[in-house]
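Structural overview
Each chain, letter by letter, is given below.
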Amino acid sequence: MKNSIVIFLLLFGFIGSAKDTPVFEQATAAYNEGAYEKAIDLYSTILEDGQHSAALYYNLGNSYYKLNDIPNSIYFYEKALLLAPNDAEIRNNLGYAQQMTLDAIGTLPETGLSRFYKDITNALHFDQWAYLAVAVMFLFVLLYILFYYFRYSSRKRWAFIGSLTCLFVSLVTVAFAYIAQNDFNADRPAIIFADEIEIQAEPNATSDAVFVLHAGTKVNVLEELNDWKRIRLTDGKTGWVASEHLRVLKDF
Amino acid sequence: MDFKKFVVVISVFLFAFTVKAQDDAAVTFEMKLSKNKLGLNERLRVDFTMNKDGDNFIPPDFSGFRVLMGPSQSISSSWINGVRSYSKTYSYTLAPTAKGKFRINQATIVIDGEVYKSLAEDIEVNTAVDKPSDEMSADDVADENLHLVAEVSKSDPYLNEAITVVYKLYVSPSISVSNYQPLDNPTYNNFWSQDIKVTALNAQNGTFQGKPYRYVILKRVVLYPQKSGKLEIEPLSLDVTVDVPTSKRDFFGGRVYAQTNKTVSAGNRIIEVKALPLKNQPADFNGAVGDFQFSVTTSKTSLNATESLQAKVEVSGKGNLKLFKLPELELPSSLEVYEPEFTEGVRTTLGGMEGVVSNSYTVVPAFRGKYPLPSIPFSFFNPKTETYTTLNSEEIVINVLQGPNSIANTGVAADNTNKRNVIAANTQFNFIKLDANLSPIGSSYFFRSNPFYLLLFGPLLFIPIAILFRKKRDEIASDVVGNKVKKANRLARRYLSKAKKELGNKESFYVALEKALHNYLKAKLKIETSEFSKDKISELLLQKKVDAETINGFVELLKNCEAARYSPFSNVQMQQDYEKASEVISLIDKQV
């Protein structure tokens, strides 16, 4: 039953792509002619059809960059990076867009240990960790069965040690996947869209302004209350801002 | 000759006309009184003035007055710029004889054969005064004839709206000022003040309380109130040296002047300063009051990296230009910006400050790309229209065309997405991607999904299965007899399966059975079909040391197969033959 749903979804997806690909090409042509607004409209229709890809978001970002729309271009580049985190072209163009922003926000220095820990857990996506865990688990089972079947004690010993190592590695990998997923869920980046917005100390309009942000700045959403979101900057500053002034990146 | 004469005649004519016209227009004959009200012990001076000489002057009868002196005549005649001015005056000094109202009647004179009359005037004579004006001391006269006035242009200005204070010293024509010295210069608390220097004292004619006076502007100050509410302007005090005419006359008939020092001060002035309206006050308002223009300009809009450009924030117009901060330029943080240079070209006039103030920023881009300077607002309050105005500068995009090669390969910050990406100077802005590579929105993750758990823990089940399998195999391997039986059964099954299917169908059953037996032997004894006979089979089997009973059984079966084709065989027999066949096959198999 489940399989059939998956297959259906896949088929549906292919049908969708088949329909949207000509639109994508039209949009590319429009972009090349300099009709950036038309390109944006066409790309947006693909999004409305429920289709997306890193390339689509990247192209939207490029179109907005050409129109000097800073927050939108950064927003779509960052979205593209979520789907393709290591794409050099996207990073390069995001750099161009970030040059246009007004805010320069430093990053908090991380201690050696936490950086080491982050480097390891974030080396792979949590799904990749999960696949790795499954593969190593298979290896463990294989080695264990071999251990059982081998006749000579030396071979038995190696198989046993190997299987136990694999079991341990598999469990550690699952733990990494778990941590990486938690990190991923805790990371809720958003882009400021208001030209200039005062970040408040409390989630209401009457409280004091803590600092000022400008369009295109990337922030991290920590929590929400009514229509207000508590945000944190990379330099550790936190404050409240009305939800209408920012857009969350992970809305897919 | 005739022509010359003609010209002379014409010019004479013209001259005559002009003279005549002037004379006709200007004949006046007036009576002037030194005062209209006087005490019984005071004196009155009456002057009859005409601007053209006349004859037959008949003074009025000065009823109620006694003529103390006069008539005395004085004539003055002068030519200024070719215009002649002439005046002739008959003067009388009168003393009243009684209290009451009196009228000085018309005087007549004949000028150029025409009779002119002066206007009659009423005089009121009151009781005697303590100090007849003629006997007043120099101080008293100075008091009456010297006034210092502070003129304020507006008494209810808005906060930061310019007002001017002009200090004028009014001096009556009868006295003269020889020197003055400021005693106390006012400090304008709660005002921003600028003095407009008076370079030359120019006496001008004006009126003060309805009387002709000469006045001098001593001091002009422009004030910008810095606080709302009632503000006080301190008085200015002067020490003035005046020459006052006395009633005494010198030998030549000229008046003798007495010198005196007088302290005059302009009184306190209260200015009611209105606060700026809070209604509709723009958020970015920073105290600019007046009427301004606002602009942000850059010296160039496209340049190469490490070149510099000037961005100028400029406010020009009229108002408190020196008293507010210019709006700050907002620049992308990736641009290097130096402290702005402030320049002002402001003139302060009586109308207030006027001119230009500007901040000039030096900007140096380090990398190529586009850098927008966003539009910035500037708000001011216009006291004339009493409204706030907000001006927005235009957005400017600076294009940096080429990056320097020296900073090439700064690299892309790859590991941390939070880091600002630095662009290598030699990388271009990339073109869009051409491969759509679309997938449906809405991602499901593998981790912690059901397939994940299945794949992670599923393999563990193989371990007990493998163990069980191994055990079973060992068991089977240890049971030798059972194994052989099993093997024979398997053989029979393999060869007799077709026959088993045909059970109950006599003809085809025995054909299949015979074929099966033949096939078995073929496989077991490796004999060819051509040399297939019962004797041969018995012989071969014997060679293989199969016991006779089994051989007989086998041969019997073959015979049955042949016989069955021609004689009736029951189902029971068929079943028996089938079982026998499997028994025989397994027996042979064991023995061979």
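Since we're looking at a predicted model, the values are computed, not measured.

Scanning chain A from terminus to terminus reveals eight helices and eight strands. In chain A, the proportion of contacts linking residues at least 24 apart, taken out of those at least 6 apart, comes to 57%.

Right, let's talk about the overall build of chain B for a bit. Counting its secondary structure elements, chain B contains nine helices and 31 strands. For chain B, with 592 residues in total, the buried portion stands at 24%.

The interface is formed by 47 residues belonging to chain B together with 54 residues belonging to chain A. Taken together, the elements giving at least two residues each to the side of chain B that touches chain A come down to β27 (369-373), β31 (439-440), α3 (450-457) and α4 (462-478) of chain B. In terms of residues, the side of chain B that touches chain A owes the most to one element, α4(B), which gives five residues. Residue classes in the side of chain B that touches chain A are distributed as 28 nonpolar, 12 polar and seven charged.

Moving on, we get to the sheet that holds strand β30 (residues 396-400) of chain B. Residues and elements named next belong to chain B. Here we have three strands laid out as an open sheet, ordered β22-β30-β27, and mixed in their pairing. The strands lining the two open edges of the sheet, one partner per strand, are β22 (302-303) and β27. Strand direction decides the pairing type here: β22 and β30, joined by two bridges, are parallel. Bridging across to β30, serine 302 finds its partner in asparagine 399.

What follows covers the confidence of the model for chain A. Per-chain confidence: chain A averages 84 in pLDDT, with 92% of residues scoring 70 or above. Across residues 1-17 of chain A the pLDDT falls below 50, and counting only partners more than four positions away or on other chains, this stretch makes eight contacts in the model.

Below, the discussion takes up the environment of B:Lys219. All names here are of chain B. Looking at where lysine 219 falls in the secondary structure, it is placed in strand β16 (residues 211-225). For lysine 219, a count of 20 C-beta atoms within 10 Å corresponds to the buried category. Sequence separation of lysine 219 and leucine 236 is 17 residues, and the distance between their C-alpha atoms is 9.6 Å. Setting aside residues no more than four positions away along its own chain, lysine 219 makes contact with Tyr167, Val198 and Leu236.

In this section: the packing of helix α7 (residues 126-149) of chain A against α4(B). The contact between α7(A) and α4(B) brings their axes to 10 Å, and the two run at 20 degrees. Here α4(B) runs roughly parallel to α7(A), going by the angle between their axes. In this structure, α7(A) meets α4(B) at a crossing whose hand is right-handed. Within the contact between the two elements, α7(A) uses A:Val141, A:Tyr144, A:Ile145, A:Tyr148 and A:Tyr149 and α4(B) uses B:Phe462, B:Ile463, B:Ala466, B:Ile467 and B:Arg470. For the contact of α7(A) with α4(B), the class distribution of residues is nine nonpolar, no polar and one charged.

This part takes up the nonpolar core. Counting residues in each nonpolar core, the largest one holds 59 residues, and the members touching the most others are A:Tyr43, A:Leu56, A:Tyr58, A:Tyr77, A:Ala80 and A:Ala97. Considering every element that reaches this core, the biggest residue donor is helix α3 (residues 54-66) of chain A, with eight residues. If near-sequence neighbours (up to four positions away) are discounted, A:Tyr43 is found in contact with A:Ala27, A:Leu56, A:Asn59 and A:Leu60. Counting 43 residues, the second-largest nonpolar core is a separate cluster that includes B:Ala142, B:Val222, B:Leu238 and B:Phe380.

Before going further, it helps to examine the sheet that holds strand β19 (residues 255-265) of chain B. The pairing of strands in a sheet happens through backbone hydrogen bonds and is either parallel or antiparallel. Residue and element names in this part refer to chain B. Taken in spatial order, the three strands of this open sheet run β13-β18-β19, and their pairing is antiparallel. Strands at the two margins of the open sheet, each flanked by one partner only, are β13 (176-184) and β19. Sheet twist, expressed as the mean angle between neighbouring strand axes with direction ignored, is 25 degrees. Across 10 bridges, the pairing between strand β18 (residues 237-249) and β19 is antiparallel. When the sheet's bridge partners are listed, valine 242 is paired in β19 with threonine 260.

Residues and elements named next belong to chain B. At a minimum axis separation of 10 Å, helix α7 (residues 534-543) and helix α8 (residues 548-564) run at an interaxial angle of 160 degrees. In this view, α7 runs roughly antiparallel relative to α8, as classed from their interaxial angle. In this structure, the crossing between α7 and α8 has a hand that is right-handed. Listed contacts from α8 to Lys534, Ile537, Ser538, Leu541 and Leu542 of α7 are Ile551, Phe554, Val555 and Leu558. Its residues placed into classes, the contact of α7 with α8 shows seven nonpolar, one polar and one charged.

With that out of the way, let us pick up helix α8 (residues 153-186) of chain A. All names here are of chain A. Its 34 residues give α8 an end-to-end C-alpha distance of 49 Å, which sits within 8% of 50 Å, the value for a rise of 1.5 Å per residue. When we look at burial in α8, the residues that qualify are Ser163, Cys166, Ser170, Thr173, Val174, Phe176, Ala177 and Ala180. On its buried face, α8 sits against α6 (112-121) and α7.

Residues in a regular strand point their side chains to alternate faces of the sheet. All names here are of chain B. As defined by bridge partners, strand β3 (residues 44-50) adjoins strand β6 (residues 83-96) across seven bridges and the pair is classed as antiparallel. Along β6, the bridge assignment pairs leucine 44 with leucine 94. Relative to β6, strand β5 (residues 65-80) is paired through 13 bridges, and the arrangement is antiparallel. Each residue of the ladder has a partner; that of isoleucine 80, found in β6, is valine 83. In textbook terms, the turn of a hairpin is the stretch between consecutive antiparallel strands, and for β5 and β6 this stretch comprises two residues, one of which, asparagine 81, has a positive phi near 50 degrees.

On to unusual backbone geometry. Residues and elements named next belong to chain B. Phi is positive for aspartate 112, close to 55 degrees, though the residue is something other than glycine. Positionally, aspartate 112 belongs in the loop between β8 (108-111) and β9 (114-117). Exposure remark for aspartate 112: the 12 C-beta atoms within 10 Å place this residue in the exposed category.

What follows is about the environment of B:Arg368. Residues and elements named next belong to chain B. You can see arginine 368 is positioned in the loop between β26 (352-365) and β27. Its 22 C-beta neighbours within 10 Å are what place arginine 368 among the buried residues. For the pair arginine 368 and glutamine 428, spaced 60 residues apart in the sequence, the C-alpha separation amounts to 8.8 Å.

This next bit is on the confidence of the model for chain B. Residues and elements named next belong to chain B. Per-residue confidence for chain B gives a mean pLDDT of 80; residues scoring 70 or more make up 86%. Counted against residues more than four places away or in other chains, residues 405-421, with its pLDDT under 50, gives 29 contacts. Here the prediction assigns the complex a pTM of 0.55, and the interface score ipTM is 0.72.

What counts as what
Residues numbered from 1 in each chain as written. Chains lettered and ligands numbered in written order. Predicted model: local features only at pLDDT ≥ 70, side-chain atom pairs only at ≥ 80, totals over all residues. Helix = DSSP H or I, 4+ residues; strand = E, 2+ residues; numbered from the N terminus. Contact = placed C-beta atoms within 7 Å. Buried ≥ 20, exposed ≤ 12 C-beta atoms within 10 Å, placed from the backbone. Nonpolar A, V, L, I, M, F, W, Y, C, P; charged D, E, K, R; others polar. Pairing = 2+ DSSP bridges. pLDDT = per-residue confidence, 0-100. Axes fitted to C-alpha atoms, helices over the stretch in contact; angles between N-to-C directions. Parallel < 35°, antiparallel > 145°, perpendicular 65-115°, else oblique. Left-handed = near helix turned anticlockwise from the far one by under 90°. Core = buried A, V, L, I, M, F, W, Y, C linked by C-beta atoms within 7 Å. Expected span 1.5 Å × (residues − 1).

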